[in-house]
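So you can see what is in the structure, the chains are spelled out below.
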Amino acid sequence: MSKWNVCRALVRPSCLTALALILTVSAGCGSGITSPVRGRVVFKDGSPLTGGLVLFRPVDEKLQVSARGDIEEDGSFILGTYKVGDGAIPGKYQVAITPPPRPKVREKPVGRRIIHPRYEKHETSGLEFEVKRGDNNFTIEVEKP
């Protein structure tokens, strides 16, 4: 067998394997596996948290795919997993809220915290939601410090 035939024999199966892997991954990242998730982050008095980030981390460690969404000025958010706004994979999630950054003076944040710091970590927030097939709409209530 010539060098060319050996090379073709080795490359062709690996190219097919790579192509199959690419097609599988791209098919798996489609919108069919996520469900739309939107909502609002509000304080107990109903006023909105005006900025920041919502982070959904799956409770099931096998899932290993988080979702996130920017909090708008009116407190609303739309989650995305693979791309902005595509939703989240159905399942239970622990939720953390990252408030908008405080202004800094000489590298130190100034001003008061907007939300209680426990909401900034999944383990301490006490927030848990279940994303189901179809549309999901959550109101996330947070407290001031």
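Rules and cut-offs
Residues numbered from 1 in each chain as written. Predicted model: local features only at pLDDT ≥ 70, side-chain atom pairs only at ≥ 80, totals over all residues. Heavy atoms only, no water. pLDDT = per-residue confidence, 0-100. Contact = heavy atoms within 4.5 Å. Helix = DSSP H or I, 4+ residues; strand = E, 2+ residues; numbered from the N terminus. Polar contact = N/O pair within 3.5 Å; in protein donor to acceptor, adjacent residues only side chain to side chain. Salt bridge = Lys/Arg side-chain N within 4 Å of Asp/Glu carboxyl O. Buried < 20%, exposed > 50% of the residue type's maximum accessible area, 1.4 Å probe, protein only.

### Description of the confidence of the model for the protein
- Of all residues in the protein, 78% have pLDDT values of 70 or greater, and the mean over the chain is 83.
- Confidence drops under pLDDT 50 across residues 13–30; counting only partners more than four residues distant or on other chains, this segment forms four contacts.

### Focus on unusual backbone geometry
- A positive phi angle, close to 55°, is found at Gln64, a residue other than glycine.
- In this fold, Gln64 is placed in the loop between strand S2 (53–58) and strand S3 (67–70).

### Observations concerning the side chain of His122
- Within the element layout of this structure, His122 appears in helix H2 (residues 122–125).
- One polar contact links the side chain of His122 to the main-chain carbonyl oxygen of Leu55, over a distance of 3.3 Å.
- If we ignore the near neighbours within four places in the chain, the residues touching His122 are Leu55, Phe56, Arg57, Gln94, Val95 and Ala96.

### Overview of the pattern of salt bridges
- Throughout the structure, instances matching the rule amount to six salt bridges.
- Its salt-bridge partner being Arg57, residue Glu123 comes within 3.1 Å of it at the nearest N-O pair. With Glu123 in helix H2 and Arg57 in strand S2, this pair connects stretches of sequence that are 66 residues apart.
- With relative accessibility at 27%, the residue Arg57 sits in the partly exposed group.
- The salt bridge partner of Arg118 is Glu143, with a shortest N-O separation of 3.2 Å.

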